[in-house]
Every structure is written in C-alpha cells, then in structure tokens.
Amino acid sequence: RVVGISFRTLGLSSRVFHRRQGEKLQSFHVNITTVRLCRASNLVDNEEKAVLDRIIRVDHAGEYGANRIYAGQMAVLGRSTVGPIIQHMWDQEKEHLKKFSELMVSHRVRPTVLMPLWNVAGFALGAGTALLGKKGAMACTVAVEASISEHFNSQIRTLMESDPEKHRALLQTIKKCRDDELEHHDTGLEHDAELAPGYFLLKNAIQLGCRAAIFLSERV
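Residues numbered from 1 in each chain as written. Predicted model: local features only at pLDDT ≥ 70, side-chain atom pairs only at ≥ 80, totals over all residues. Heavy atoms only, no water.

As a reminder, the rule being used: UniProt positions are given in the numbering used here, feature names are shortened, and annotations may be inferred rather than shown by experiment.
An unreviewed UniProt entry lists the protein chain under the name Coq7 protein, with Xenopus tropicalis as the source organism. According to UniProt, the comment filed for the protein chain under the heading Pathway (unreviewed entry) is "Cofactor biosynthesis; ubiquinone biosynthesis."

## Quick look at the environment of H167
What counts, and what does not: Secondary structure is summarised from DSSP: a helix means a run of H or I of at least four residues, a strand means a run of E of at least two, and numbering begins at the N terminus for each. Burial classes follow relative accessibility: with a 1.4 Å probe on protein chains only, a residue under 20% of its type's maximum area counts as buried, one over 50% as exposed, and anything between as partly exposed. The contact definition used throughout considers only heavy atoms, calling two residues in contact when any of these lie within 4.5 Å.
Within the secondary structure, H167 sits in the loop between α4 (134–162) and α5 (168–190). Taking the relative accessible area as the measure of exposure, H167 reaches 6% and is therefore buried. Taking the C-alpha atoms as reference points, H167 and I156, 11 residues apart in sequence, are found 9.8 Å from one another. If we skip the residues at most four places from it in the chain, H167 touches E48, L52, L159 and S162.

## Considering the nonpolar core
As a rule of thumb, nonpolar side chains are buried together in soluble globular proteins. To keep things clear, this is the line we draw: Put simply, buried Ala, Val, Leu, Ile, Met, Phe, Trp, Tyr and Cys residues joined by side-chain atoms within 4.5 Å make one nonpolar core.
Within the largest apolar cluster, 38 residues are counted, with the highest numbers of intra-cluster contacts made by I86, V144, L159, L170, I174 and I206. At the level of secondary structure, the elements contributing two or more residues to this core comprise α1 (32–77), α2 (83–106), α4, α5 and α6 (199–219). With 11 residues, α4 is the largest single contributor of residues to this core. Excluding residues within four positions of it along the chain, L170 makes contact with L52, I55, L103 and L159. A61, L114, M115 and A213 belong to the second largest nonpolar core, which has 5 residues in total.

## Remarks on the packing of α2 against α5
Rules: Structural elements are reduced to axes, namely lines fitted to C-alpha atoms, with helices fitted over the stretch in contact, and the angle between N-to-C directions of any two is expressed from 0 to 180 degrees. Convention used here: angles under 35 degrees read as roughly parallel, angles over 145 as roughly antiparallel, angles from 65 to 115 as roughly perpendicular, and any remaining angle as oblique. Here a crossing is called left-handed whenever its near helix is offset anticlockwise from the far helix by less than a right angle, and right-handed whenever the offset is clockwise. Ten residues, namely Ala, Val, Leu, Ile, Met, Phe, Trp, Tyr, Cys and Pro, are considered nonpolar, four, namely Asp, Glu, Lys and Arg, are considered charged, and the remaining ones, Gly among them, are considered polar.
At a closest axis distance of 11 Å, the pairing of α2 and α5 adopts a crossing angle of 160°. It follows from the interaxial angle that α2 and α5 lie roughly antiparallel. For the pair α2 and α5, the sense of crossing is left-handed. Contacts between α2 and α5 involve I85, H88, M89, Q92, E93, H96, K99, F100 and L103 from the first element and L170, T173, I174, C177, D180, E181, E183, H184 and T187 from the second. Classifying every residue of the contact of α2 with α5 gives 7 nonpolar, 6 polar and 5 charged.

Here it is in structure tokens:
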C-alpha cells in the first residue's frame, strides 16, 4: 500500500513510498512528465477525431441532401430533354453518398439529427426549382455545387495542414467528390442556368441556405 509521496521538482518526478505487510518500506520514482505527455497526446487524438467526425458527418448530410435535390428535379423533369443530364449527375451523387455512408460506419460517426429535415427540404428545393423549368433546375445546381465545392476545398486545406499522409484516403475521396461537383456546376452553366428568372436572387438565397445547412450539420 502507498504510505506517502515525496515530490522532487514539481512537474518532473515524484517518489512514492510503498510497503506490503511484513516488508520494509520501499520507494520508487514516478515520472509526472510522462503522464502529462500521455494526457496531451490523448487530447490531440480527441481533437483530431472530433474534426474528422465533423467532416464525415457534414459531407454525408450534404450528399444525402444533393440526392434529394436531384430526386425532386427528376420527379418534375425526368421525361424532359434534360432528364438524362440530371440523371447522370444524380448517379454520381449516389456514389458519393454510398462512399460517405461507408465512412460513417468505419469511423463510427453518428449522422446529423437533421436528416429528416434535409430529406424534405432537399426534395422540395429540387422540385420547386424544376417547376421553373430547365433553367431553374440548372440554376439550383450551379448554386448548390458552388457552395459544396467551396466547402470541400476548405476541408482539403484543413486535412493538408494536419497530416496529408495520414488522411490520404479521405483526401482522395473529398477531391474526387469536389471534382464531380465542379463538373455539375459547369454543366449547369452550359445549360443556361444564368438565364433562369431572378437568377442572382435565386442563387444567393440557395447558397445562404447551403451555408446554414453546412453549419448545422457539422454540429448537431
């Protein structure tokens, strides 16, 4: 049993006195610095885990929302001339969602509690802009994909500053999704997104909603 502790150079080491029944009093040194370094390492690991959780959670929510947007657009324009174009973009978003769903499981990340809201809001946004016609749907695509691409770039910078080698697989996933989103953005512009009624007002409103969705999905 420990019967006393004598400190020498506080914060560096200490002498602990220990005696078992029938034995002489013995002492040994405990390195306090090692304990503190272990605690600091655990703190860094916890902070890194929290950052990765936020990245995976918000990206999963974003891809889910994008799927619902394209589902809404296809419900209205699926049989129109732009149906195949929207379907192609939707198929890519399905692959993105599948990948981030796998990352959610492998990294044990909980989804945002706002998934039911993004389910309804995403479909409503897609269908609502599609009711404005092809140009309205493409304006929505441009606005959403510009916001998501910018957010992906921010995540890439964060991971590169942290440990690019350690996060190589996640970086490759995010970069691939970012490139697809940029392709969707350009596709929207090529199909007259800027000619949609109230284009700049519509774009700014959608991007404001996207920023709010990103902020909330990272945290709740």
